Amino acid sequence: MNTLSLSQLRRNPARLIPGPARLQSLAMALMLPAAGLLIFLFIWHSAANMIDTSLGKFPGPAQVWEQSVNLAAEHSAERQRAHDFHERQALRNAERLAADPAAMVEIRPYTGKPTFFDQIGTSLVTVLSGFILASIIAIPLGILIGLNQTIYIAINPLIQLFKPVSPLAWLPLVTMVVSAVYVTNDPLFSKSFLNSMFTVLLCCLWPTVINTAVGVANVSKDLLNVSHVLQLNALTHVFKIVLPSALPLMFTGLRLSLGIAWMVLIAAEMLAQNPGLGKFVWDEFQNGSSNSLGRIMVAVLVIGFIGFLLDRTMLLLQRRVSWDKNAILR
Amino acid sequence: MNTYLQLSEVSIDFPTPKGPFRALDKINLDIVKGEFVSLIGHSGCGKSTVLNIVAGLHQATYGGVLLEGREVNSPGAERAVVFQNHSLLPWLTAYENVELAVKQVFKRTKSKAEMRAWIEHNLELVHMTHAMDKRPDEISGGMKQRVGIARALAMEPKVLLMDEPFGALDALTRAHLQDSLMEIHRDLGNTVIMITHDVDEAVLLSDRIVMMTNGPAATVGEILAIDLPRPRQRVELSDDAHYNHLRHEVLAFLYERQRKVEDFSAAKKARDRATDAPSGRSACAV
């Protein structure tokens, strides 16, 4: 206990508590969320039983669990089919080549329907591409308008105008522009991917722009004076003084942006029938089997969980790059 | 006496909705090389504004500042500032904070190894080599201020400007730092302008004390030459008749000749209250 440094204590106050009490606090940290979860499951279960829809009863926890097992099974079955297909194709090609070495063999891709897990992958790739591209635009833009009052006054009305626009309003425009501009015989990206990604990008620019700008504009006057006295050039000024100061607010913006990106993407995929979790939900809704609602509920939970993981990832990233390791981040 | 730093008719107006507000009025001050000058005056009299004009952070509306015959109109490394609240970059260690300044000033004239030695030398001057890899939030207030001084010294400035450098420190730490500063000034012979609220500090450290009148339109009231021999020992001086006489002179200026600051603000408050009252009453009537 005596060897603990002050900074360690600040980071982890639980270390101060002696053995049994520490165990107790750990138990509390696990028990309380578990209790909350149990109560939620109970209410969900009871309420679900009382709701009758045209597709049967609203799914309770048990049905949702059953459907998630089904979805996993379908996924592995689909993978098995793909594997078998590739094996058959390889075999057939080998036979053909054995009969005639000059034969033109074709390797065709497997064209099965994407499983739930494929859709998760598609959505993740799309959201991250859109978010990273948006950040590459938003951070420099935020720094620029944070540093320069004139540019800020010029651009701020535009930001305020575009910030509240719903993704669904952008979607038709993005779709038309992408199909008009992205004309190629050998597309590197599918159009549906580009549509979803640009819609995400347009919607998740703003929190990062605004928060970065606020962070940059609020750099302490004293530090600005230091920069003036040292006659730092613009680049050193930005990297040594402005960015470290603005980092906490910048990350607040990035986390808000990523949250918005994820929500926008699901909506865009539903509306545009672009591959991804949104399409999965819409397809199940259209499908209308007795299992559909359970499967949609699985998707809802997965969407929530992925959103949570994305936010935690940003938080970890912030901890990594933040200079103030004692700052309380949540 | 050949003047090194000259403040000539320095005046500054700040714009207000009611028209320009004259904060400083015709400040004249000639400082020779190696001189230690303190500015003392009541809060709000514009001491910091004078310092900021010399630093180039503010522009005088009339008059100007000459350093070695050249006009000062922008900030520059030859006029290093020690700020009141240290103003170290919290994300850099003590060493890196000094390094930022050194790289800026000596990037063309010193090699990497020379810079490293120079940074360490300056941290040595303020007795901070033991904590040079610590960040500001890991060291005490006095230590931060030492690093701030090291950063300013490392720029090899022609003039060292100190804005109440020890104002936020406790009395013991302040005494330590004052002794360190006297040592440094003896060894390096810097030209220093220091703002202070502390009469003892001013008398102990300075060659001259510039006493400022109260604002608005503050100006130089009196200049007191401190002809105590150096090195000065605070304990011996506390019993020295001449030291106490000089101290008395400053106190008399601040609390007898220029004491009207409180009266002035009290009178102003009373006047404000008087003008507010009728409108307040009419608001109640409505």
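That block above? That's the structure.
Residues numbered from 1 in each chain as written. Chains lettered and ligands numbered in written order. Predicted model: local features only at pLDDT ≥ 70, side-chain atom pairs only at ≥ 80, totals over all residues.

1. A short note on helix α8 (residues 241–257) of chain B
All names here are of chain B. End to end, α8 covers 22 Å across 17 residues, agreeing with the expected 24 Å (1.5 Å per residue, within 8%). Where α8 bends most, the angle comes to about 25°, and this point is L251. Every buried residue of α8 is listed here: L246, V250, F253 and L254. Elements that come into contact with the buried residues of α8 comprise β3 (36–40), α6 (199–205), β9 (208–212) and β10 (220–225). (Helix = DSSP H or I, 4+ residues; strand = E, 2+ residues; numbered from the N terminus. Expected span 1.5 Å × (residues − 1). Bend = angle between axes of the 7 residues up to and from the residue. Buried ≥ 20, exposed ≤ 12 C-beta atoms within 10 Å, placed from the backbone. Contact = placed C-beta atoms within 7 Å.)

2. A look at the pairing of strand β2 (residues 19–32) of chain B
Residue and element names in this part refer to chain B. Where strand β1 (residues 3–16) lies against β2, ten bridges are found, and the strand directions are antiparallel. Within β2, the residue paired with D13 across the bridge is R22. The loop that links β1 with its antiparallel partner β2 comprises two residues. (Pairing = 2+ DSSP bridges.)

3. Regarding unusual backbone geometry
Residues and elements named next belong to chain B. Residue P231 is reached from R230 by a cis peptide bond, and omega for that bond is -5°. Mapping P231 onto the fold places it in the loop between β10 and α7 (234–237). In this structure, S87 is a non-glycine residue whose phi angle is positive, near 50°. The residue S87 is located in the loop between β6 (79–82) and α2 (94–106) in this model. Classification of S87 as buried rests on a count of 23 C-beta atoms within 10 Å.

4. Regarding the interface of chain A and chain B
Between chain A and chain B, the residue contacts involve 13 residues of the former and 16 residues of the latter. Elements represented by at least two residues in the side of chain A that touches chain B include exactly α8 (221–230) and α9 (234–272) of chain A. In the side of chain A that touches chain B, the residues fall into eight nonpolar, three polar and two charged. (Nonpolar A, V, L, I, M, F, W, Y, C, P; charged D, E, K, R; others polar.)

5. With respect to the sheet that holds strand β4 (residues 62–67) of chain B
All names here are of chain B. The sheet built from four strands is open, its strands ordered β2-β1-β4-β5 with antiparallel pairing. The open sheet has two edge strands, β2 and β5 (70–71), and neither has a second partner. Examined bridge by bridge, β1 and β4 share five bridges and lie antiparallel to one another. Considered in β4, the bridge of L7 is made with V65.

6. Digging into the nonpolar core
In terms of nonpolar packing, the biggest core is built from 134 residues, with V200(A), C204(A), A261(A), V54(B), V98(B), L161(B) and V250(B) touching the most fellow members. In terms of residue count, the dominant contributor to this core is α9(A) (16 residues). (Core = buried A, V, L, I, M, F, W, Y, C linked by C-beta atoms within 7 Å.)

7. As for helix α3 (residues 112–125) of chain B
Residues and elements named next belong to chain B. The end-to-end C-alpha distance of α3 is 20 Å, a good match for the 20 Å that 14 residues give at a rise of 1.5 Å each. Turning to α3, its buried residues number three or more, namely I119, N122 and L123. One face of α3 carries all of its buried residues, which in axial projection span an arc of 100°. Among the exposed residues of α3, those oriented more than 90 degrees off its buried face are A113, E114, A117 and E124. Each element contacted by the buried residues of α3 is listed here: α2 and α4 (141–154). Downstream of α3 by one or two residues, H127 has phi in the positive range, about 60°. (Arc of directions from axis to C-beta.)

8. Focus on the environment of S238(B)
Structurally, S238(B) can be placed in the loop between α7 and α8. Taking the C-alpha atoms as reference points, S238(B) and D200(B), 38 residues apart in sequence, are found 9.3 Å from one another.

9. Overview of the sheet that holds β6(B)
Think of a sheet as strands paired side by side through backbone hydrogen bonds, with each pair either parallel or antiparallel. All names here are of chain B. With mixed pairing, the six strands of this open sheet are ordered in space as β6-β7-β8-β3-β9-β10. Each having just a single partner strand, β6 and β10 make up the two edges of the open sheet. Adjacent strand axes in the sheet meet at a mean angle of 20° when their direction is disregarded. In this sheet, β10 lies alongside β9 in antiparallel orientation, the contact comprising five bridges. The residue of β10 that forms the bridge with V210 is I223. Packed onto the sheet, α8 meets β3, β9 and β10 and runs at close to 175° relative to β10. (Axes fitted to C-alpha atoms, helices over the stretch in contact; angles between N-to-C directions.)

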